[in-house]
Amino acid sequence: MRTEGDTWDISTGVGSTALFVAAARALAGRGSEPLAVEPYAEFLVREAGPEWADLLDGKMAEHPLLDPRFGVYFQLYQAARTKYFDDYFATAMRAGVRQIVILGAGLDARAYRLPWPDGTTIYELDRTTVLEFKRRALSSCGDEPRADRREVPVDLREDWSKILREHGFDPSEATAWLAEGLLYYLSAAAGDQLFDDIELASAPGSRVAIEEPPTVPDQAPAEPADRPCHMSSQPDWADLVYNEQGSDAVEWFTARGWDATGVTFPDYLDSLDRTAEAVFNDRGWSPSLMRLMTAVRPPRPISR
Ligand SMILES: C[S@@+](CC[C@H](N)C(=O)[O-])C[C@H]1O[C@@H](n2cnc3c(N)ncnc32)[C@H](O)[C@@H]1O
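The structure presented is a predicted model; accordingly, all values stated were derived computationally and were not measured.

Enquirer: Any details on the sheet that holds strand β4 (residues 175–179)? Residues and values, ideally.
Expert: In space, the seven strands of this open sheet follow the order β3-β2-β1-β4-β5-β7-β6, with mixed pairing throughout. One side of each edge strand has no neighbouring strand; the edge strands of this open sheet are β3 (148–153) and β6 (259–264). Each strand of the sheet is rotated relative to its neighbour by a mean of 15°, with strand direction disregarded. Contacts from helix α6 (residues 128–139) reach β2 (121–126) and β3, with the element oriented near 145° to β3.

Below, the structure is given as structure tokens:
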């Protein structure tokens, strides 16, 4: 059960979901012809401790990520969403955007992995403890970020945009925003506030990319698996999510003049000439219910 101002670190509560999806990315990258390869995911997950290393080494057969049906389908989804958002950033780079904000960054390693043009600044927003774990882990990998990477410790349920500006963010410059794997962990009101804050801080030419959770009509908790992590002292995933239906992101941004488009996971797979039978868990949740969306705020017209 979520409470106002609740806290976590990388291996507890909401923080452990960052490890869960990073582990899925690491496993997904090992298959033949993977949709995305994320070498930092494996490194970061192993730094979280022996249980996580055991998972990557296949020693936790009962773990949902290793379930031959559900886990494999979930891994495919994680690889697909990585590719979708990598492509989004590639388009933003080509369009000349040099200011990047990753909301709920978790173990996202794009600052180290993608070929950012000179002059790019990447703001990674998450809880202090998650950012601290990531900093410690990455400092031992020996690599340097490929952009000016700035950690911004915040609670995204509070006034984070002020803290973002204090770290150097310039609202007059076009920005590419990302909210990947985040909205489940915000109430509907906090999610809508997040959209408001993005809109307010977005100069013309800005972009946003969002992973949207599905509607869950009967308010029953939607779960990707019985537990996110069959690890000691891990909470049920259902206790970590708000499961409140916020605004439809495509409609929300379209109504405010952005060019927005969304795609469900099955349709995205089709567009990549990949097929996979949709797999649902015993509570009716499936990655096939997820939607990925992007929107562009039209550039300012050139005045004559
Ligand atoms: C499922 S993980 C996704 C991480 C990353 N975006 C990815 O896709 O790998 C969710 C992340 O959102 C962060 N998060 C959730 N609610 C937050 C909040 N209120 N304030 C700051 N970070 C939050 C968590 O700490 C966690 O790192």
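Enquirer: Could you give an account of the site of the ligand, with specific residues and numbers?
Expert: In the region of the ligand, 22 residues are neighbours, and Arg81, Gly104, Asp126, Leu156 and Glu180 sit closest. Between the ligand and arginine 81 there is a distance of 2.8 Å, counted from an oxygen atom to a side-chain nitrogen or oxygen. Aspartate 126 has a polar side-chain atom sitting 2.6 Å from an oxygen atom of the ligand. Expressed as a share of its isolated accessible area of 590 Å², the protein-covered part of the ligand is 99%. Comparing atom positions with the cavity grids shows the ligand to sit within the largest cavity. No other element matches the four residues that helix α1 (residues 15–28) contributes to the shell around the ligand. Here the residues of the shell around the ligand are counted per class, giving eleven nonpolar, four polar and seven charged.

Enquirer: Tell me about empty space enclosed by the protein, residues and numbers included.
Expert: Enumeration over the complete set of coordinates arrives at four cavities of 30 Å³ or more. Each pocket or cavity is described by its volume, and for the largest cavity that value is around 570 Å³. Thr17, Glu180, Gly181, Leu182 and Tyr185 are the residues nearest the centre of the largest cavity, which is lined by 39 residues in total. For the lining of the largest cavity, the elements supplying multiple residues, two or more each, are α1, α4 (70–94) and β1 (99–103). Counting residues per element, the lining of the largest cavity draws most heavily on α1, which supplies six residues. Class assignment of the residues belonging to the lining of the largest cavity gives a composition of 23 nonpolar, six polar and ten charged. Of the volumes computed, that of the second largest cavity is approximately 210 Å³. Lining the second largest cavity we find 17 residues, and of these Leu183, Pro213, Glu244, Gln245 and Gly246 sit closest to its centre. The element best represented in the lining of the second largest cavity is helix α8 (residues 188–200), accounting for four residues. Along the lines of polarity and charge, the residues of the lining of the second largest cavity split into eight nonpolar, six polar and three charged.

Enquirer: Give a description of the packing of α1 against helix α2 (residues 39–46) that names residues and reports values.
Expert: For the pair α1 and α2, interaxial distance at closest approach is 8 Å and the crossing angle is 130°. As the angle between them shows, α1 and α2 are arranged oblique. Both α1 and α2 take part in a crossing whose hand is left-handed. On α2, the residues that touch Leu19, Ala22, Ala23, Arg25 and Ala26 of α1 are Ala41, Glu42 and Val45. For the contact of α1 with α2, a count of residues per class yields six nonpolar, no polar and two charged.

Enquirer: An account of the packing of aromatic side chains is needed here, citing residue identities and associated values.
Expert: Any pair of aromatic rings gets described here by the distance separating the centres and the angle formed by the planes. Scanning the model with the defined rule gives 19 aromatic pairs in all. Between tyrosine 40 and tyrosine 112, the ring centres sit 5.6 Å apart and the planes meet at 55°, which makes this aromatic pair tilted. Of this pair, tyrosine 40 sits in helix α2 while tyrosine 112 is found in helix α5 (residues 110–113), placing the two residues 72 residues apart along the sequence. For the residue pair tyrosine 40 and tyrosine 112, the accessibility class agrees, reading buried in each case. Here the guanidinium or amino end of arginine 127 rests over the ring plane of tryptophan 8, the centre of that ring lying 4.7 Å away.

What counts as what
Residues numbered from 1 in each chain as written. Predicted model: local features only at pLDDT ≥ 70, side-chain atom pairs only at ≥ 80, totals over all residues. Heavy atoms only, no water. Pairing = 2+ DSSP bridges. Helix = DSSP H or I, 4+ residues; strand = E, 2+ residues; numbered from the N terminus. Axes fitted to C-alpha atoms, helices over the stretch in contact; angles between N-to-C directions. Contact = heavy atoms within 4.5 Å. Near = heavy atom within 4 Å. Polar contact = N/O pair within 3.5 Å; in protein donor to acceptor, adjacent residues only side chain to side chain. Areas by Shrake-Rupley, 256 points an atom, 1.4 Å probe, with all protein chains shown as cover. 1 Å grid on protein atoms, 1.4 Å probe; cavity = no way out; pocket = protein on both sides within 12 Å on 5 of 7 lines; lining within 4 Å. Sits in = over half its atoms within 2 Å of the grid points. Nonpolar A, V, L, I, M, F, W, Y, C, P; charged D, E, K, R; others polar. Points joined across faces, edges and corners; volume = space filled by probe spheres on them. Parallel < 35°, antiparallel > 145°, perpendicular 65-115°, else oblique. Left-handed = near helix turned anticlockwise from the far one by under 90°. Phe/Tyr/Trp six-rings, centres within 6.5 Å; stacked < 30°, edge-to-face > 60°. Buried < 20%, exposed > 50% of the residue type's maximum accessible area, 1.4 Å probe, protein only. Lys NZ or Arg CZ within 6 Å of the ring centre and 35° of its normal.

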